[in-house]
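# Remarks on the overall topology
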Amino acid sequence: MYPWRGWPVQSARTMAAPVTECENCGHSDAELVEVQRVYLHPGDDDRPDRVDVVEVPEWWCVSCVTQYPCRPR
Ligand SMILES: [Zn+2]
């Protein structure tokens, strides 16, 4: 196994192309929003008991931003 196999191709791809697909649903969209994914843990009274914000930002399409819990950057 050669560790460098396939590396130039992947590198060129990641460097040339900015994110064009939603990282949540994979939908191609020109308008992506940088957000931090938020996990809500429902409590007893239907209100979030605990909220976890993922440190690493993701690019989401507008539809995901409105449908799933997240925090705009
Ligand atoms: Zn999406």
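Each chain has its residues counted from 1, following the order in which its sequence is written. A pLDDT threshold of at least 70 governs which residues receive local features in this predicted model, and a stricter bar of 80 or more applies before side-chain atom pairs are shown or counted, although totals over entire chains, interfaces and linings include all residues.

## Here's the deal with the overall build of the chain
- Looking only at helices and strands, one finds two helices and four strands in the chain.
- Under the DSSP-based scheme used, a helix requires at least four consecutive residues in state H or I and a strand at least two consecutive residues in state E, with every element numbered from the N terminus. In the chain, the succession of α and β elements from N to C terminus is α-β-β-β-α-β.
- To assign burial, the other C-beta atoms lying within 10 Å of each residue's own C-beta are counted, with C-beta atoms placed from the backbone; 20 or more indicates buried, 12 or fewer indicates exposed, and intermediate counts indicate partly exposed. For the chain, the proportion of its 73 residues judged to be buried stands at 10%.
- Residues are scored as being in contact if the C-beta atoms we place from backbone atoms lie within 7 Å. Of the contacts made within the chain by residues no fewer than 6 positions apart, 58% connect residues no fewer than 24 positions apart.

## A short note on the nonpolar core
- Structurally, a nonpolar core is described as a collection of buried Ala, Val, Leu, Ile, Met, Phe, Trp, Tyr and Cys residues joined by way of C-beta atoms within 7 Å. Counting residues in each nonpolar core, the largest one holds seven residues, listed as Cys22, Leu32, Val35, Trp60, Cys61, Cys64 and Cys70.
- With sequence-adjacent residues up to four places away left out, Cys70 is seen in contact with Val35, Gln36, Arg37, Val38, Trp60 and Val65.

## A short note on the pairing of strand β2 (residues 48-53)
- Of all six residues in β2, zero are buried; the element is thus mostly exposed.
- Here strand β1 (residues 32-42) pairs with β2 via five bridges, running antiparallel. Within the sheet, the bridge partner assigned to His41 lies in β2 and is Arg50.
- Should DSSP find at least two bridges between two strands, the strands are taken to pair. Where β1 folds back on β2, the antiparallel hairpin that results is connected by five residues, among which Asp46 adopts a positive phi of roughly 70°.

## Describing the environment of Cys70
- Looking at where Cys70 falls in the secondary structure, it is placed in strand β4 (residues 70-72).
- Accessibility expressed as a C-beta count within 10 Å gives 22 for Cys70, which makes it buried.
- It is 10.0 Å that separates the C-alpha atoms of Cys70 and Asp52, two residues lying 18 residues apart in sequence.

## Points about the environment of Pro48
- Relative to the assigned elements, Pro48 resides in strand β2.
- Beyond its immediate chain neighbours, meaning those up to four positions away, Pro48 contacts Leu40, His41, Pro42 and Gly43.

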